[in-house]
Amino acid sequence: MTTRLFFSLAAFAVVAAGSAVAQAEDAQFARPVEITTAGKTYVDVLYPSPVLHDLNGDGKQELIIGDLRGYLQVAKRDSATDSPEWGDSQMMQSVEGKDIKFSNW
Amino acid sequence: MTPQFVDFNADGFVDIVTGTFDGSPHVSFGSADGFGEPTHILDRDGERMLLTQFWDYDEKQWKGLEGPQCISAVAFDWDNDGDYDLLLGDYKEGLLFLRMNTGSNEEPQFDIENVQVMIDDEPFKVAGGMSAPRLVDWDGDGLVDIVTGGMQQGGVFFYRNSGKLGAPEFSPAETLIEPSASTTAGAKCPTSGCYVDAVDYAGDGDLDVLVGGYANWAPDRKPLTEEEEARATELEAQQAEYMAMIQEASLVLNKQLAKAETEEARQEILKRFTNDREYKNATTQYSAVSRELMTLRGTPQRQAGVWLYVRK
C-alpha cells in the first residue's frame, strides 16, 4: 500500500519535471514514428516492451510486445517491411491454448 | 517484462527468457507444439534467483524492499564457453548483475551469487533506473554491446564493449536518445519507461531502435507572466523537497519492514508510519504544491506507445 503510494508519487514527480524541458532533436535518428497495429497505437499497454522476431520461420519478423502484467501480443506484417503499420495483434498462446502469462506479483 | 527469443536449452526450439516485476528471471520453453507454461529459472541449488527485492508468492508480500530489484533478464554467453549465462537488471538504480553458468545449456548450473557488472571500478548504472538491457553488436565491431533504455527519465544509452570475446568490458554510457527530450501534444515520443530493441527495422544494414514507453507532456498553455514563472519555479523547488522527504521516509519504512518478523509487527510499523506527523505533512504539502503547479504548468499527460527511431 505504502509502496504503491510512493511509486505513484515518484512517477508523478518525474512527469512534472520532464514537462518543463524543451524538445531535443537527435542527430543520429530520424524523428520517431509511432508504431500501430491494425491502425491503433499501443496506448492501452502497460509498459510496452517491443521485440522483433521471426516466430513462425517464414522469413518475416513479427512484432512482439511484452507488458508489465506478463502477457505478450504478436502483430504480423501486412505492409512493406519498413512501414510502422502492422496488422492485427493476437495474444501469444501456450501449447495449452491459454494466453502465455509470465508470473508477476 | 523484457522478452528475449533465444534457444536457452539448446534443443533446437526458440524459448522466451524474461524478467518480470516479481524480481526474478523466467523462461517459457519452446517445442514443436509451441511455448510451454513459464517458470522461474533456478540456480544450481534449485533456488529462485533474486537481487534483493522480490515478491514472495507464499507470504504474498514484498521482501527486501531496501535493495535492487531484478525486472530484466538476458541470456548471454559472457565468458564465451558455449553456454548461456544470465544478466539480471535492476530497475531502481539501473544496476546490472551476472550469474555465471558453470554447467551447460542442457543442464545449467547458475551461480548462487550475483556478481555486479562494473565499468572502470564503478558499478554499471543507468541514470534514472533501467528498463532492460539488450545485448547486441551496436557498433558492428564483432563484440556484443549493451543498448538499454532509462526507466524514470527515459533516454536510450549505448555501452560499448571494449573488452575481448569471452571477457567483456563496457565503456561508460553514450547517449543515443536524450533522456530529457520532452514532447508537446501532437509530437509524442517516449520519455519514461523506455524499453528498447535494437533491430535493422528499415532493412538498410544498420541498426535502428524500437522504443516502447511513455510519452509525457504538458498541454499547450499560454506563456506564463514573469510573476507566474517565478511562482512555478518556487513550487517546483518545494515539490522536489517534499518528494525527497517522502522518499527518505519510504526508505526508512522499507528498512523497518524488512526487519519485522511477524505480520503484527509489520502492521504496527505501517500504522505508526501513516500516522507520523512529518510524513503526513510532507504528503499533504506535496499534493497542495502539485495542484497549484498544475494550474500554472498544466496537467501532465502520459500515454503509452511504441516508437521507431530509424538511424540516419
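Preceding block: the structure.
Here the structure is a predicted model, which means the values were calculated and not measured.

Thresholds applied
Residues numbered from 1 in each chain as written. Chains lettered and ligands numbered in written order. Predicted model: local features only at pLDDT ≥ 70, side-chain atom pairs only at ≥ 80, totals over all residues. Heavy atoms only, no water. Helix = DSSP H or I, 4+ residues; strand = E, 2+ residues; numbered from the N terminus. Contact = heavy atoms within 4.5 Å. Areas by Shrake-Rupley, 256 points an atom, 1.4 Å probe, with all protein chains shown as cover. Pairing = 2+ DSSP bridges. Axes fitted to C-alpha atoms, helices over the stretch in contact; angles between N-to-C directions. Phe/Tyr/Trp six-rings, centres within 6.5 Å; stacked < 30°, edge-to-face > 60°. Buried < 20%, exposed > 50% of the residue type's maximum accessible area, 1.4 Å probe, protein only. Lys NZ or Arg CZ within 6 Å of the ring centre and 35° of its normal. Buried area = accessible area lost by both parts, 1.4 Å probe. Salt bridge = Lys/Arg side-chain N within 4 Å of Asp/Glu carboxyl O. Polar contact = N/O pair within 3.5 Å; in protein donor to acceptor, adjacent residues only side chain to side chain. Nonpolar A, V, L, I, M, F, W, Y, C, P; charged D, E, K, R; others polar. Parallel < 35°, antiparallel > 145°, perpendicular 65-115°, else oblique. Left-handed = near helix turned anticlockwise from the far one by under 90°.

## Points about the overall build of chain A
A count of helices and strands for chain A gives one helix and seven strands. What you see in chain A, going N to C, is helices and strands ordered as α-β-β-β-β-β-β-β. If you take every contact in chain A between residues at least 6 apart in sequence, the share linking residues at least 24 apart comes to 31%. For chain A, the exposed area adds up to about 5,500 Å²; of that, 54% sits on carbon and sulfur atoms.

## Examining the sheet that holds strand E15 (residues 130–136) of chain B
All names here are of chain B. Here we have four strands laid out as an open sheet, ordered E15-E16-E17-E18, and antiparallel in their pairing. Each edge of the open sheet is held by one strand with a lone partner, namely E15 and strand E18 (174–177). Each strand axis lies, on average, 25° off the axis of its neighbour in the sheet, ignoring direction. Pairing geometry for E15 and strand E16 (residues 145–150), over five bridges, is antiparallel.

## Some points on the packing of aromatic side chains
Scanning all chains against the criterion turns up 17 aromatic pairs over all chains. Between the aromatic rings of Phe-8 of chain B and Tyr-84 of chain B, the centroid separation amounts to 6.3 Å while the plane-to-plane angle is 25°, which identifies the pairing as stacked. Of this pair, Phe-8 of chain B sits in the loop between strand E1 (4–6) and strand E2 (15–19) while Tyr-84 of chain B sits in the loop between strand E9 (70–76) and strand E10 (85–90), and the two are 76 residues apart along the sequence. We classify Phe-8 of chain B as buried; its relative accessible area is 6%. Through a chain of ring-to-ring contacts, three or more aromatic side chains come together here, namely Trp-105 of chain A together with Phe-21, Trp-55, Trp-62 and Tyr-91 of chain B. A cation over an aromatic ring shows up here: Arg-302 of chain B above the ring of Tyr-214 of chain B, its NZ or CZ 3.8 Å from the ring centre. The positively charged end of Arg-311 of chain B is found above the aromatic ring belonging to Trp-138 of chain B, 4.0 Å away from the centroid.

## So, the pairing of strand E3 (residues 49–53) of chain A
All names here are of chain A. Judged by how many residues are buried, E3 sits mostly within the fold: five of five residues are covered. What you see with E3 is no split at all: Ser-49, Val-51 and His-53 on one side and Pro-50 and Leu-52 on the other are buried throughout. One ladder, built from five bridges, connects E3 with strand E4 (residues 62–66); its direction is antiparallel. Note that in E4 the partner of Ser-49 across the bridge is Gly-66.

## So, the interface of chain B and chain A
Frequently, the measure chosen for interface size is the accessible area removed from exposure when the parts meet. Taken together, the contacts link 78 residues of chain B with 66 residues of chain A. Of the roughly 6,100 Å² buried where chain B meets chain A, counting both sides, 67% is carbon and sulfur surface. Contact with chain A buries surface across chain B, with Met-1, Tyr-201 and Val-306 of chain B losing the most and accounting together for 12% of the total. At the boundary of chain B with chain A, the tally comes to one salt bridge. Its salt-bridge partner being Glu-37 of chain B, residue Lys-98 of chain A comes within 3.9 Å of it at the nearest N-O pair. Here chain B is connected to chain A by 15 residue pairs in polar contact (both at pLDDT 80 or more). Per-element accounting of the side of chain B that touches chain A gives the leading share, nine residues, to strand E22 (residues 301–309) of chain B. Looking at the side of chain B that touches chain A, its residues break down into 46 nonpolar, 23 polar and nine charged. Here strand E1 (residues 33–34) of chain A pairs with E22 of chain B via two bridges, running antiparallel. Bridging from a neighbouring strand, Val-33 of chain A pairs with Leu-308 of chain B of E22 of chain B.

## Quick look at the sheet that holds strand E5 (residues 72–75) of chain A
Residue and element names in this part refer to chain A. Strands sit in the order E3-E4-E5-E7 across an open sheet of four strands; the sheet is antiparallel. Of all the strands in the sheet, the pair left with one neighbour each is E3 and strand E7 (89–91). Within the sheet, the average angular offset between the axes of one strand and its neighbour, ignoring direction, is 25°. Across three bridges, E5 lies against E7 in antiparallel orientation. In the strand pairing of E7, Gln-73 is matched with Met-91.

## Overview of the side chain of Arg-297 of chain B
Residue and element names in this part refer to chain B. Tracing the backbone through its elements, the reader meets Arg-297 in helix H3 (residues 277–297). A polar contact is formed between the side chain of Arg-297 and the side chain of Glu-236, at a distance of 2.6 Å. If near-sequence neighbours (up to four positions away) are discounted, Arg-297 is found in contact with Ala-218, Arg-221, Leu-224, Glu-229, Ala-232, Thr-233 and Glu-236.

## Points about the packing of helix H1 (residues 226–259) of chain B against H3 of chain B
Residues and elements named next belong to chain B. Running from amino to carboxyl end, H1 crosses H3 at an angle of 150°, the nearest separation of the two axes being 9 Å. Considered as vectors, H1 and H3 are oriented roughly antiparallel to each other. Once H1 is placed against H3, the crossing between them reads as left-handed. Residues of the contact of H1 with H3, tallied by class, amount to 13 nonpolar, six polar and six charged.

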